[in-house]
Structures are given as structure tokens and as C-alpha cells.
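Geometric and topological summary
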Amino acid sequence: MQTHQYDVVIVGAGGAGMRAALEASKDARTAVISKLYPTRSHTGAAQGGMAAALANVEDDNWEWHTFDTVKGGDYLVDQDAAEILAKEAIDSVLDLERMGLPFNRTPEGRIDQRRFGGHTREHGQAAVRRACYAADRTGHMILQTLYQNCVKQDVEFFNEFYVLDLLTDHDLTTEELDDDAEVNATGVVAYDLASGEIHVFQAKAIIFATGGAGKIFKTTSNAHTLTGDGMALAYRRGLPLEDMEFFQFHPTGLAGLGILLSEAARGEGGILRNADGERFMERYAPTIKDLAPRDIVARSMANEVREGRGAGPNKDYVLLDLTHLEPAHIDAKLPDITEFARTYLGIEPYTEPVPVYPTAHYAMGGVPTNVKGEVLRDSHNVVKGLYAAGEVACVSVHGSNRLGTNSLLDINVFGKRSGRSAAAYAKTVEQHLPIQENPTERVEAQLSEMRDRPDGERVAEVRKALQETMDANAQVFRTNESLQQAADDIRELQKRYRNVSVQDKGTLFNTDLLEAIELGFLLDIAEVTVLAALNRRESRGGHYREDFPDRDDTNYMLHTMAYRRPTSAPDAADGHVEGYFDHVEDFGDYKVVLGSKPVTQTRYEPMERKY
Ligand SMILES: Cc1cc2nc3c(=O)[nH]c(=O)nc-3n(C[C@H](O)[C@H](O)[C@H](O)COP(=O)(O)OP(=O)(O)OC[C@H]3O[C@@H](n4cnc5c(N)ncnc54)[C@H](O)[C@@H]3O)c2cc1C
């Protein structure tokens, strides 16, 4: 075992982690730990753009952006956080530009902007050009720019190190704490892929920036590595997860594959058509049509297919039509994604429409934080020295449905904020807090159990079964019955997981072993997603219940807070459990307790959501 001491330790080297690192390392000794080489993080796969009301090409302002974000999230957004997101967007883009990011330009030399779903002028009057972009490689440019600047600033990286545990000075899973008790994060335990050695990082402040969990689904735009690690680690240590029932399905995955074709395709004029060639979004969202928010477009597409108007031999997808756009325009603005259609489907987008269907894309929920990035341990108390930013976190600016281009924005705005808060906090702590005895005990036990089991369940089979039940039962359309089926399947899979074994028994580059660990994270995240979805008997944003098709503000204008507790613990997770949310599911060794947290409303009253 090796030990390290830093002021600030950041887990994750995607956009959120590196933006935080740039900020924290100005004032504090900072290390970034990442299971991937930084430039392989999923941020680099982001295509379409980053929202900011620069008003470079047409009238716009941050208040319209705030409104769109709140309405887009079906009013479950914390409005104070959305205001910060929209206001600080402008400086975030300019920061990146100063760091050297090559944004596309207008003929006058300003940063160009394009349309994206749900971004409008004057509270929904028409689509507005708000997304700043670098062709369809915006995330790639952000990630490279941030990495280069981290190198320039001498940020220390521990690459291909997997963080497998979070250390705190109280065990929240078992201890009964007073409301005002102080809980501190003290460090993390990591596994070095190259050597198999365990490292302990002691830190005054820790930032989780581990990204999403899209691999709980089979059809997904997410990379293989998006297994919800940070969410699962916090949850296993007794911290809550917020709003996990809200998962975004992006309308335009390549049919049958899930590989993403950015919404930029529609922003640049692409049109969705059914088998009859009809522009069906005119029926569902008469004002902004194909540029309605993702939840609405994905549901409309799935509905066309259900009602028999799907295209293709099995009538199981719709078509994204770019054939009316000039080939030169496609080449300049959408070069990568049109190449995906050629490579993976053998379709020529200049002349043929592209088969598309919704694909799992983004976790709106995650580790709850306040606007400084501090992690909450219940509906109002924070864990000292623990921060989270990016897709792993829920601040909550996306509410029940995220607008396209608001995530690249979120990672920059809240990455920067959490980096700044963590460094400032670290400065106030004179000495590192002591870490617990045997800090690596849990991790070592877990690893050796899997490695030493001579044979048992295969990781790939359990993962496949999980992803299949999630696709079949917890996707765009959900019912009590389908979700109950998913919950039952997951319970069985959790049992099978306890008997999982790996074939590689070695210590060097044992990715087999780490995939087994990641499967455990996926199962926990899928479980809490499904239980929270069962419990929310209404439809809002990305969560659509066919058995409860309306939004129910009377009972459900609340964030869900899910906690994992020992079976013997009292049912109420904190003193703030309300109404329908007081619900317990017993999974044998532990139970999942669902509590709630109020939604922060500033200036926008909930309204019916029409586009
Ligand atoms: C194909 C695609 C296209 C997208 N396009 C857009 C777009 O155009 N606009 C937009 O706004 N959003 C877009 N998104 C969403 C957006 O890209 C992501 O939400 C965002 O980039 C997430 O950034 P992040 O820093 O939180 O996480 P990531 O970039 O995913 O980084 C996670 C980091 O955590 C590390 N990590 C994870 N687990 C561990 C562990 N256990 N130990 C150590 N390190 C760990 C990884 O190594 C990685 O460095 C897109 C997403 C996808 C999948």
C-alpha cells in the first residue's frame, strides 16, 4: 500500500474534473485521479455544443436561457442553480476561448452559435441560436483545451487509477447522527491498473467528477466506462442519490446501435420523418417542432413506432432527413456524425435519410450538491470536504430533463465552482484529518473475494441481463408492471453478482477484475433508478409513466433522495420524508429508503409545458 497527501484530490479527468483542477491548483496542492487517460474521458465524445447567451448572432440573454432550462426540466429544476448556470455561461465560454479553444466563427470573426432543442427566444416564441460549437467535435476541443492547460499549470495526474472507496470519519450507513453532527471526507482508496497496487490518498478536500452511468442500459450513447462509479461509491457510504429516476433518452441514436447523432443535425436543419415521409413533430410540438426538448421528441418517436408508422423492414425506427441540406454545409458543420452514418449503417446522408431511435444518454440525477459544489448528506446538511461536479452530480440544473448543450456548460460552470470551493476550504484546514484504521480493508476484501473464487457467474452475462431488462422495462415508456419486473430482475442479478468470478487472477492490467467491480456499481445504480421510478407515480420530463401520464405538482414537486441503509435501520432517512416518498424496499442485507428534498423556486411558477 502506498499513501499520498494532497490538499485537494479530484476523482475524474473529464471536463468537470479538469475544469475543477485548473481552479483548485491555483491555490492548493492538487492531484487528479482518473481510471482513464484524461483525453479518453467521455467529454471528448460530446458533439453538438455548449450553451451561452452570448447574443453573437441574434438577440438573446441569460434570463431567457434560465427560463428555457427551468421549463425544459419540467419545473423540477432548482431555479437558483439554473440562474447561476445561465449567467456564468458567458464567462465559461470566454474562459475556454482564452485558453485556446478553436470555436467556429461567424464571418465577422465572432464565436458562431447554432440552434438546439428547447433553447428559445422570449420564453418559447421561436428557436434561438445559443449553442457555441467547434464543428461536431465541441467536447473533444473542450477536453483537449482543458488538458493542455492542466499540463501547463503542472497539475499532477494519476492515470489509470480506479478509485474504489471513499473514506469518511463517520460511517453513515450505520451511525445515527444528530442533525448538526459534523461529517468529514478524509480520503479515497485507489487501485493502480498497471501494478494492481492499492494507494490511499489523504486529502483536505475531495471532488468527485466521475461522469455518468449510461451503461445501465443496453442501447446507449455512453462509453463502456460510464458505470456510475462515483454515484455508487457515495451511495454505498450512506450518502443519498438525488432524482435517479430521471434518465435522458436522446432522440437520435443510430437505429439498433445507439451511437449518437448529435441534435446539432436538427439544429442545422435536419428533419425527423416517419415511414410515410411525414414531419411528425409538427403534430407534437407545433411551434418549435424538431427542436422540442429531448424527452418530448424521444417519446414522440417511440409513439410513431408504436402506432405502426415506423420505417424499415420491422417498422422499428424513424428517419433523420438531411438530404435537403447542401453537402458543403453538412461537411462544414456535421462532419463526424455523418461519417458515423456511413461507417456504421452504410447510409449516405447527402442522399438518404438516416435510421434513428432513442438511446440512453444522460443521468439527470446523481450525488446531491449545493451551488458551491458541496455534497449533501441529507436534504440540507453537507459533508465537509466533499464536493461533486459534472454528470455524477445533481445540483440540480437539469431537473427532470436536460436541454442539449447544457451539460458541457454544467461541467464548466460547476467544475470551476467546486474547484474554487474545495481549494478555499482546504486552506482553512490546518492539518489533514486522521484516516480510519485499515483504510483499504473493504477494497482488499472485495478484490480478493472476486479473484479467489475459482469459478462462478460470468460478468458479461450478468451485465447483459441487467442492460436488457433496463431497455425492456425502464426506457422511454414505463409502467408499474414494467418497473416491478425490472426491480425483480435486478434483485435476482444482485444475488448472482455475489457469486461472480473473474478469469484473470493476475495483478498486472487486470481489466477483467475491474469490469467485475464496475458491474457492481451498475447494479446498484440501476436498482436505485428503478425503485425511484416505481415510487414516482406521475410523468415529468424524462420519466414517463403510462399508468400516471400527467404531471402531479401537488404530490411530486419534490426531489427524490434515495439512501441505502442496513435492514435494521429506521425507515425514515432524515427528518424530511414526505408523502408518497416515504417508501422502503428491502433487498436482503440492506434496504433502499426514499426521502425527499424541496425544489427551489425563485421567479418561475410551474406552467403546463407546451412547445
Ligand atoms: C456521445 C455524447 C455526446 C454528447 N454531446 C453533448 C453536447 O454536444 N453538449 C453537451 O452539453 N453535452 C453532451 N453530452 C453530455 C456531456 O458530454 C457529458 O455529460 C459530460 O461531458 C460529462 O462530463 P464529466 O466531466 O462529468 O464526465 P466524463 O467526461 O465522463 O469524465 C469522467 C471521468 O471520471 C473518471 N472516472 C470514472 N470513474 C472513476 C473511478 N472509479 N476512478 C477514477 N476515475 C474515474 C474517468 O476516467 C473520466 O476521466 C454528450 C454525451 C455523449 C455520451
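The structure presented is a predicted model; accordingly, all values stated were derived computationally and were not measured. (Residues numbered from 1 in each chain as written. Predicted model: local features only at pLDDT ≥ 70, side-chain atom pairs only at ≥ 80, totals over all residues. Heavy atoms only, no water.)

1. Points about the site of the ligand
Close to the ligand lie 39 residues; H42, T43, G48, E391 and L408 are nearest. Measuring from an oxygen atom of the ligand, one finds a side-chain N or O atom of S34 at 2.8 Å. In this structure, V163 approaches the ligand through a main-chain N or O atom, which is 2.8 Å from a nitrogen atom. Within the complex, the protein chains bury 98% of what would otherwise be the 1000 Å² of accessible surface of the ligand. Each residue belonging to the shell around the ligand can be placed in one class, and the counts come to 16 nonpolar, 19 polar and four charged. (Near = heavy atom within 4 Å. Polar contact = N/O pair within 3.5 Å; in protein donor to acceptor, adjacent residues only side chain to side chain. Areas by Shrake-Rupley, 256 points an atom, 1.4 Å probe, with all protein chains shown as cover. Nonpolar A, V, L, I, M, F, W, Y, C, P; charged D, E, K, R; others polar.)

2. Here we look at the UniProt feature "coiled-coil region" (unreviewed entry) in the protein
Using the residue numbers shown here, the UniProt feature "coiled-coil region" (unreviewed entry) corresponds to residues 476-503. Annotated as residues 476-503, this span is 64% helix and 0% strand, and its ends, taken at the C-alpha atoms, are 36 Å apart. (UniProt positions renumbered as here; feature names shortened; annotations may be inferred. Helix = DSSP H or I, 4+ residues; strand = E, 2+ residues; numbered from the N terminus.)

3. Remarks on helix α3 (residues 79-99)
In this model α3 runs 30 Å from its N-terminal to its C-terminal C-alpha over 21 residues, within 8% of the 30 Å that 1.5 Å per residue would give. At A89, α3 shows its maximal bend, which comes to roughly 40°. Among all positions of α3, only Q79, A81, A82, E83, I84, L85, A86, A89, S92, V93, D95 and L96 are buried. Buried residues in α3 make contact with α1 (15-24), β3 (50-51), α2 (62-72), β5 (126-132), α4 (138-152) and α11 (406-428). A positive backbone phi angle near 115° is found at G100, which sits one or two residues after α3. (Expected span 1.5 Å × (residues − 1). Bend = angle between axes of the 7 residues up to and from the residue. Buried < 20%, exposed > 50% of the residue type's maximum accessible area, 1.4 Å probe, protein only. Contact = heavy atoms within 4.5 Å.)

4. Regarding the packing of aromatic side chains
Overall, the coordinates contain 13 aromatic pairs when judged by the stated rule. Aromatic ring contacts, followed pair by pair, group Y6, F158, F161 and F201 into a single cluster. Here the guanidinium or amino end of R114 rests over the ring plane of Y133, the centre of that ring lying 4.0 Å away. A cation over an aromatic ring shows up here: R342 above the ring of Y350, its NZ or CZ 5.0 Å from the ring centre. (Phe/Tyr/Trp six-rings, centres within 6.5 Å; stacked < 30°, edge-to-face > 60°. Lys NZ or Arg CZ within 6 Å of the ring centre and 35° of its normal.)

5. What to know about the side chain of E374
Its location among the elements puts E374 in strand β16 (residues 374-376). At 2.7 Å, the side chain of E374 and the side chain of N370 are in polar contact.

6. Brief notes about the sheet that holds strand β4 (residues 113-121)
Spatial strand order, β3-β5-β4: three strands in an open sheet with antiparallel pairing. Each edge of the open sheet is held by one strand with a lone partner, namely β3 and β4. In the sheet, β4 pairs with β5 via five bridges, with the strands oriented antiparallel. In the strand pairing of β5, Q113 is matched with C132. (Pairing = 2+ DSSP bridges.)

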